[in-house]
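Inside the fold
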There are 2 protein chains.
Amino acid sequence: MNKIRLPVIEIFGPTIQGEGMVIGQKTMFVRTAGCDYSCSWCDSKFTWDGSARDEIKLLEPSEIWTELKKIGGCTFTHVTISGGNPALYPQLDGLIDLLHEQDIQVAIETQGSLFQEWFRKVDDLTLSPKPPSSGMEPNLDILDQIITAQHKHGRIDQTSLKIVIFDNEDLDFARAIHQRYPDIPFYLQTGNPDVKDENADDLTPHLIKRYEWLIDQVMNDIDLKNVRVLPQLHTLVWGNKRGV
Amino acid sequence: MNKIRLPVIEIFGPTIQGEGMVIGQKTMFVRTAGCDYSCSWCDSKFTWDGSARDEIKLLEPSEIWTELKKIGGCTFTHVTISGGNPALYPQLDGLIDLLHEQDIQVAIETQGSLFQEWFRKVDDLTLSPKPPSSGMEPNLDILDQIITAQHKHGRIDQTSLKIVIFDNEDLDFARAIHQRYPDIPFYLQTGNPDVKDENADDLTPHLIKRYEWLIDQVMNDIDLKNVRVLPQLHTLVWGNKRGV
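Reading the values: rules and limits
- Residues numbered from 1 in each chain as written.
- Chains lettered and ligands numbered in written order.
- Predicted model: local features only at pLDDT ≥ 70, side-chain atom pairs only at ≥ 80, totals over all residues.
- Heavy atoms only, no water.
- Helix = DSSP H or I, 4+ residues; strand = E, 2+ residues; numbered from the N terminus.
- Buried < 20%, exposed > 50% of the residue type's maximum accessible area, 1.4 Å probe, protein only.
- Contact = heavy atoms within 4.5 Å.
- Areas by Shrake-Rupley, 256 points an atom, 1.4 Å probe, with all protein chains shown as cover.
- Lys, Arg positive; Asp, Glu negative; His and termini not counted.
- Charge placed at Lys NZ, Arg CZ, Asp CG, Glu CD.
- Least-squares fit on C-alpha atoms with pLDDT ≥ 70 in both.
- Pairing = 2+ DSSP bridges.
- Axes fitted to C-alpha atoms, helices over the stretch in contact; angles between N-to-C directions.
- Salt bridge = Lys/Arg side-chain N within 4 Å of Asp/Glu carboxyl O.
- Polar contact = N/O pair within 3.5 Å; in protein donor to acceptor, adjacent residues only side chain to side chain.
- pLDDT = per-residue confidence, 0-100.
- Right-handed = clockwise from strand over helix to strand, strands pointing away.

Right, let's talk about the overall build of chain A for a bit. Looking only at helices and strands, chain A features six helices and nine strands. Judged by the C-alpha coordinates and their principal axes, chain A covers about 50 × 45 × 30 Å. Within chain A, the fraction of its 244 residues that count as buried is 59%. Intrachain contacts of chain A at a sequence separation of at least 6 include 73% that bridge at least 24 residues. For chain A, the accessible area works out to roughly 9700 Å², and carbon and sulfur atoms hold 47% of it. In chain A, 24 side chains carry a positive charge and 36 a negative one; their mean positions are 4 Å apart.

In structure tokens, the structure reads:
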């Protein structure tokens, strides 16, 4: 397992995790190529639309670790594996083991459309089933399977659900997911309608207004009680710039 | 204990917790009056400078609960008790018990200058020793006592340290605190230099720049590895407006 190569499209950091259960965490990022979804508002379309296919490298876990140390040095103890959808790859198991051997905590970002045995090893597992505005239809049987397994292995504190919200239909979807899995830490996140603008000064005021709208919707909602409402910090600071 | 009154200066919500270990959490706020500190950049000076003394009410825990239900209805399961310094009051024990009986989670914000037996009952205990820019000198013997007790009672996962950073001297202080308590979840937060401006549109760009500066300082720092770097979300959205 340790020798099977992973398609990696970028490795960068250290920077902050801008969203979700470990928002603000100093972390390195490993971004895998490929996705089983094609969300209309995806902010990382280059991972699956072919536009950055020349950037994909097939790397063994030890080569990923070498690259992480080369660019991150001794500054980090946390690595986030995002995509695309990293849950496409059973061979991520070997990378997680290698990182843990180096005393590195591992976070994973996935939409929860595919189950992997290695989910139970992840320190911060974010499952982000996609709401109607994405154009996707989540398979809740798979999500059930993942969450049942996390329960069984005592990994609920290492798990969270994160729903991106653009509109009221997305909020209806979020309520249904929260009611289905009431004991999983639950995060609502503002959607970013403009995933191309690299100028944060233009984008930030719009994103803050969207965040305020989302807060307003949730605060008086009796179905969304024990929830956390967050923006994407990296877009507030850097717009849609890649590699930060 | 349940009948001893607490000096309360405001009760409001539901809103988001804008900072620290449960950033984004939907919560109600209870703000106690009085502080043993007088930080130069305190954003709640009205709790201790006498300017809002007419707003202080002496309330029993049951009266606080009645007020929380009156304004928050059935929208919340989380209450944050802030100040001033709520750790001035041993009688907070009774309020925490009452809230827990109602299945409400309880967060406390304190500088860690005073020990209370009830710290071990708190669901989210934020200790924010004040850096040099505050003009205060933290008593680390007391902080040692608090953290030793949290360890002893298995409450480390419910505890965090949060340091507000204005300058490089504050960062030196943060490094020393992180090295002293390396296993306590550690948060760095941008300072807000203008605690009077109620116009978020003016304030937000400055705060984002400060946040970016803080990220830059921390990312290449090998002494600050496993840390989380966060802004104050409420000031990004609402400036210094009270009661949100």
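Turning our eyes to something else, we now look at the relation of the copies chain A and chain B. When chain A is fitted to chain B, the best match, at an RMSD of 0.0 Å, comes from turning it 180 degrees and sliding it 0.0 Å along the axis. This pairing of chains is accounted for by a two-fold axis. Looking at the interface residues of chain A, 100% of them are also at the interface in chain B, so both copies use one shared face.

Residue and element names in this part refer to chain A. Pairing is mixed across the open sheet formed by nine strands, whose spatial order is β3-β1-β2-β4-β5-β6-β7-β8-β9. Every other strand in the sheet has two partners, leaving β3 (57–59) and β9 (228–230) as the edge strands with one partner each. Mean inter-strand twist for the sheet, computed between neighbouring axes without regard to direction, equals 30 degrees. The pairing of strand β7 (residues 159–165) with strand β8 (residues 186–190) spans five bridges and is parallel. Considered in β8, the bridge of Lys162 is made with Tyr187. Seen against the sheet, helix α4 (residues 168–180) touches β7 and β8 and runs at an angle of roughly 165 degrees to β7.

Glancing now at the pattern of salt bridges. Residue and element names in this part refer to chain B. One pass over the structure, following the stated rule, counts 23 salt bridges over all chains. Taking the shortest distance from any N to any O, the salt bridge between Glu109 and Lys162 comes out at 2.9 Å. In this pair, Glu109 is assigned in strand β5 (residues 105–110) and Lys162 in strand β7 (residues 159–165), connecting sequence segments 53 residues apart. Put simply, Asp172 and Arg175 hold a salt bridge, and the shortest N to O gap is 2.7 Å.

Taken together, the contact between chain A and chain B spans 38 residues of the former and 38 residues of the latter. Along the contact surface separating chain A from chain B lie zero salt bridges. Remark: the boundary between chain A and chain B carries 22 residue pairs in polar contact (both at pLDDT 80 or more). Among the elements of the structure, β1 (6–16), α5 (200–219), β9 and α6 (233–238) of chain A are those that each provide at least two residues to the side of chain A that touches chain B. For the side of chain A that touches chain B, the leading source of residues is α5 of chain A, giving nine residues.

Spatially, β3-β1-β2-β4-β5-β6-β7-β8-β9 (chain B) is the arrangement adopted by the nine strands of the open sheet, whose pairing is mixed. Pairing within the sheet leaves two strands with one partner each, and these edge strands are β3 (57–59) and β9 (228–230) of chain B. Taking the axes of each pair of neighbouring strands and ignoring which way they run, one obtains an average angle of 30 degrees across the sheet. Along the sheet face, α5 of chain A touches β1 (6–16) and β2 (26–32) of chain B and points at about 110 degrees away from the line of β1 of chain B. Against the sheet, helix α1 (residues 61–72) of chain B touches β1, β2, β3 and β4 (78–82) of chain B, its axis set at about 25 degrees to β1 of chain B.

Residues with a pLDDT of 70 or more make up 99% of chain A, whose mean pLDDT is 95. Across the assembled chains, the prediction reports ipTM 0.96 with pTM 0.96.

Turning our attention to the environment of Gly84 of chain A. For Gly84 of chain A, the position within the fold is in the loop between β4 (78–82) and α2 (92–101). Sequence-distant contacts of Gly84 of chain A, defined by excluding residues within four places in its chain, comprise Thr32, Gly34, Cys35 and Thr47 of chain A.

Before going further, it helps to spend a moment on unusual backbone geometry. All names here are of chain A. In the segment running from Gly13 into Pro14, the intervening peptide bond is cis, with an omega of 0 degrees. Residue placement: Pro14 occurs in strand β1. Of note, the bond from Gly83 into Gly84 is cis; its omega dihedral lies within 30 degrees of zero at 5 degrees. The phi dihedral of Asp103 is positive, around 60 degrees, even though this residue is not glycine.

All names here are of chain A. Most of β4 is tucked away, with five of its five residues classed as buried. Residues His78, Thr80 and Ser82 line one face of β4 and the alternating positions Val79 and Ile81 line the opposite face, and both faces are buried. In this structure, strand β2 (residues 26–32) lies alongside β4, joined through four bridges in parallel fashion. Counted as the bridge partner of Arg31 is Ser82 from β4. With α2 bridging β4 and the parallel strand β5 (residues 105–110), this β-α-β connection has right-handed handedness.

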